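Descriptive analysis of the structure
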Amino acid sequence: MLLIGQEAATAAQATSALSRTAAQWLWAVPLLPLLGFVLNGALALVGSHLGPADPSAAPHDDASHAGGGHPAGAHDTAHDTAHDSAHGDDHHVVARHRFAALTSIIGPAVLMLAFLLSAAIFWQFRAVAGDMHQPYVQRYFSWIPAGDLRIDAALMLDQLSLVMVLVVTGVGTLIHVFSVGYMRDDPSYPRYFAYLNLFVFFMLLLVLGANYPVLFVGWEGVGLCSYLLIGFWFSEKVNADAGKKAFIVNRIGDFGFMIAMFMLFANYGTLDFHALSVAVGQNAVYGGALVTTICLFLFLGCTGKSAQIPLYVWLPDAMAGPTPVSALIHAATMVTAGVYLIARSHFLFAIAPVASLTVVVIGALTAVFAATIGLKQWDIKKVLAYSTVSQLGYMFVGVGVGAYSAGIFHLITHAFFKALLFLGSGSVIFAMHRAYHATHSHEDAQDMRNMGGLRRYLPYTFALMWIATLAIAGVPPFAGFFSKDEILGSVFMRAQHSTLADARWLGIPGNIVLYVCYALGLAAALMTAIYMTRMMIYTFHGPNRTGEKERDHLAEAPWVMTGPLLVLGILSAVGGWLNLPKFLTVGPIGALERWLEPVVGESALRITHGEAPEVAHSVEYALIGAAVAIAVIGIWIAWSRLDPGKLVPKAQAPPEQGFERVLEHKYYVDEAYDRAVVRPTYATSRNLLWRGIDIGLIDGLFVNGSAWLARGLGWMGSALQSGQVGTYAWVLVLGVLAVVGAITLR
Amino acid sequence: MLNESLFFSAVLFTIGVVGVLTRRNAIIIFMCVELMLNAVNLAFVAFAQVHGVAGQVFVFFVMTVAAAEAAVGLAIIIALFRHKQTVNLQQINLLKG
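Keep in mind it's a predicted model, so treat the numbers as computed, not measured.

About the thresholds
- Residues numbered from 1 in each chain as written.
- Chains lettered and ligands numbered in written order.
- Predicted model: local features only at pLDDT ≥ 70, side-chain atom pairs only at ≥ 80, totals over all residues.
- Helix = DSSP H or I, 4+ residues; strand = E, 2+ residues; numbered from the N terminus.
- Rg over C-alpha atoms; globule rule 2.2 N^0.38 Å.
- Buried ≥ 20, exposed ≤ 12 C-beta atoms within 10 Å, placed from the backbone.
- Contact = placed C-beta atoms within 7 Å.
- Axes fitted to C-alpha atoms, helices over the stretch in contact; angles between N-to-C directions.
- Parallel < 35°, antiparallel > 145°, perpendicular 65-115°, else oblique.
- Nonpolar A, V, L, I, M, F, W, Y, C, P; charged D, E, K, R; others polar.
- Expected span 1.5 Å × (residues − 1).
- pLDDT = per-residue confidence, 0-100.
- Pairing = 2+ DSSP bridges.

**As for the overall build of chain B**
- Counting secondary structure elements, chain B contains three helices and zero strands.
- When its helices and strands are written in sequence order, chain B yields α-α-α.
- Since a compact globule built from 97 residues should have a radius of gyration of about 13 Å, the 16 Å found for chain B marks it as more spread out than a globular shape.
- Along the longest, intermediate and shortest principal axes, the C-alpha atoms of chain B span 50 × 25 × 20 Å.
- Within chain B, the proportion of its 97 residues that are buried is 14%.
- In chain B, once contacts between residues fewer than 6 apart in sequence are set aside, the share between residues at least 24 apart is 47%.

What follows is the structure in structure tokens.
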């Protein structure tokens, strides 16, 4: 099996039409961000060694305010500590880093170069795509040769990974540029860019890896960078805790991923994607227990990385990191890795209907569940975080029903509009924080109740965020409409005619499961429209609630931040062109689907019994009409329920009652996990492992016990040595008598 | 004759042992040790009648060693008395660690 795979891959490398094109520079795509990481990391280390560039140039207005001998820096720290412990807010304004200017060039430049290179590769790939029947693989060295296990350090380029590379580097570049403005005054500016570059390196490794272990290295690496960036302001315990939570929750998922890899190797003898798809095609049993188990374990990994029920809890807390990080890692790229993994493992999921249905059900439940929580969040980033969880649910529904291109399509459009929403919220928070900072107010800069009427102060952000809102709500002709509609349509069609509809899931017929998931998807779409409109009303409409003094300080962010917003706004508006539905007669219809067809087409067809899914035009129009109607109804509900003029700031807001309170507290899931998992673990660790085993058994019995034993024996021995000759004589005589007695009585 | 000799030897030895164990005066204990040595000598002589002359030769050795021991032992006791102003062994526990 292994040999076949290697020969095939080597042959592909030798004969690939790509060998003599820009694709031979494939290795440079991930290496450029790695170079950026090394350079920025070096600057961060050297900078911390040298100390701040010019202490006297530190916080401008703070020095004047602090007055009588109060050091400006100390004041600033105290201010932010009080602020952050309450709200987990962004922004620590201190002196600029001495290497900030250099980092501002290196950080975005390596990404820009990587993007240009991958665009060049895309250009040449497109020319020869017709002649490519196997992925283009670059092998560098044998990484893990151990017995039958042979794992190469190899990158693989096919249509799927190329799409992901373009999204990661493209959106990544924009977010890097935005960060230049957003993180401008952070004292750890080079460290931030080092982490961000490292993240992109690992993400590219993840999408380009030619086998599961290389993918897994990227998978773990992005997890590491996520941890580092969530806890970027680690001096606040809240942020450090959020980082740890993300890391630990992800470990649970990674456990599943690793089990899946072990089982794949044990049963199919290889972990190389191409060789494995051949081996699985030859040996695996359709719907067999083995392949179902492997798929479920893989999906467990996805639920961790992509924040699905039951492991979604880390993602909302991950908003403790800087906002551009939330945009890049926790919305646009890393969290979609699970979707990519399932699309990449299409050859497994296509023959495991029960596992695929599980993916669909979990995805649909997550979409609805997270959307309901999003209805009642006040922190602007939390709304977007739950929105991300919900949209990821959609993507899983898409790839779960075997509509891989639809899932990836939604992944791409979501990357555009969610990055835009997050960066827009970053722009809002930036303005809010500057305003509150200028007046030394300790109000929450991320609470939407403190915003309102920002459209007058942030006109560009306002317009661009409305585009993203309409896109995510599914209003035509914005990007989200096409991708969401395609996912929902795919579910509906596959409920009528597919291998999934014929299968049974927990005893329920598959078609019923799919229809229910379709309904859940519609419900989630409705709530998406509601909570997004609510967010926009609270943030941008009605009178301003920020405060009298603060109002004068509200202003649009510099062009380095609004520029990326503008590009993302255009992408969110026209991203649907990537994959226009068939009923339209203009433009490139189904471009993405045809592009991905060589990779996932076979598996997608297998699920639909070998026929391209078709429904009558009347049904298709009805589905689209329903989707649009739901988006419009959602927006209308939010408009009619919320009067922008009557909203109140956070300080005057009454507490929530009843079910709304439950929603505001996120169904108390964190509390339930705390009771069910965290506290029992703590209690067991504290009482059994620490006090019982460590202190009691090891320290008590083994360490101190042996000391006590030695001391006790010594005490007994010393008591015998009384120095009384008489006693010794008695002992001697008794000993002699004993020996004599033993001899004579034997 | 052998039995009577051995019986007498055993009695003499037991008196010596009991003396060593029960008395406190170092001189008396020393004398009891001599008593035990002589009980052994008596047993040697008695066995020599049956097993040959080697036992009698051994008695000379024992008497020689006992004489040397008496000299050393009495010297120790004198030194002890000079040091502690007593020969009561219960008040002397210099062997204690």
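**Points about the overall build of chain A**
- Across its full length, chain A carries 29 helices and four strands.
- Counting all 746 residues of chain A, 52% fall into the buried class.
- In chain A, once contacts between residues fewer than 6 apart in sequence are set aside, the share between residues at least 24 apart is 82%.

**A short note on the environment of Trp690(A)**
Residues and elements named next belong to chain A.
- Here Trp 690 lies in helix H28 (residues 669-720).
- You can call Trp 690 partly exposed: it has 13 C-beta atoms within 10 Å.
- Beyond its immediate sequence surroundings of up to four residues, Trp 690 is in contact with Ser 685 and Ile 695.

**Quick notes on the packing of helix H5 (residues 100-128) of chain A against helix H7 (residues 189-208) of chain A**
Residues and elements named next belong to chain A.
- Across the interface, H5 lies against H7 with an axial gap of 9 Å and an inter-helix angle of 10 degrees. In terms of orientation, H5 lies roughly parallel with respect to H7. Residue-level inspection shows Ala 100, Thr 103, Gly 107, Val 110 and Leu 111 of H5 in contact with H7, the latter providing Tyr 189, Pro 190, Phe 193, Leu 196, Asn 197 and Val 200.
- When its residues are assigned to classes, the contact of H5 with H7 shows eight nonpolar, three polar and no charged.

**What to know about helix H16 (residues 353-374) of chain A**
- For H16(A), which comprises 22 residues, the first-to-last C-alpha distance of 31 Å matches the rise-based estimate of 32 Å (1.5 Å per residue) to within 8%.
- H16(A) sits mainly inside the fold: 19 of its 22 residues count as buried.

**As for the environment of His133(A)**
Residue and element names in this part refer to chain A.
- Following the sequence through the fold, His 133 ends up in the loop between H5 and strand E1 (136-146).
- His 133 gets classed as exposed once you count the C-beta atoms within 10 Å, which come to 10.
- Along the backbone, His 133 and Pro 598 are 465 residues apart, and their C-alpha atoms lie at a distance of 7.4 Å.

**Some details on the confidence of the model for chain A**
- The share of residues in chain A with pLDDT of 70 or more is 92%, and the mean pLDDT across the chain is 86.
- In the model, residues 56-93 of chain A has pLDDT below 50 throughout and makes 49 contacts with residues more than four positions away in sequence or in other chains.

**Here's the deal with the pairing of E1(A)**
Residues and elements named next belong to chain A.
- Pairing between E1 and strand E2 (residues 149-157): nine bridges, direction antiparallel. Bridge pairing links Arg 139 to Ala 154 in E2.
- Between E1 and the antiparallel strand that follows it, E2, lie two residues; Gly 147 among them carries a positive phi value of about 65 degrees.

**Some thoughts on helix H29 (residues 725-744) of chain A**
- Its 20 residues give H29(A) an end-to-end C-alpha distance of 28 Å, which sits within 8% of 28 Å, the value for a rise of 1.5 Å per residue.
- The buried fraction of H29(A) amounts to zero of the 20 residues, a small share that puts the element mostly on the outside.

**Quick look at the environment of Leu26(A)**
- For Leu26(A), the position within the fold is in the loop between helix H1 (2-15) and helix H2 (28-50).
- Placed 650 residues apart in sequence, Leu26(A) and Ala676(A) show a C-alpha to C-alpha distance of 47 Å.

**Here's the deal with unusual backbone geometry**
- In this chain, Ile309(A) is followed by Pro310(A) through a cis amide linkage whose omega measures 5 degrees.
- Inspection of the secondary structure assignment puts Pro310(A) in the loop between helix H11 (289-305) and helix H12 (314-317).
- Pro477(A) follows Pro476(A) through a cis peptide bond whose omega is 0 degrees.
- Its identity is not glycine, yet Gln85(B) carries a phi of approximately 60 degrees, on the positive side.

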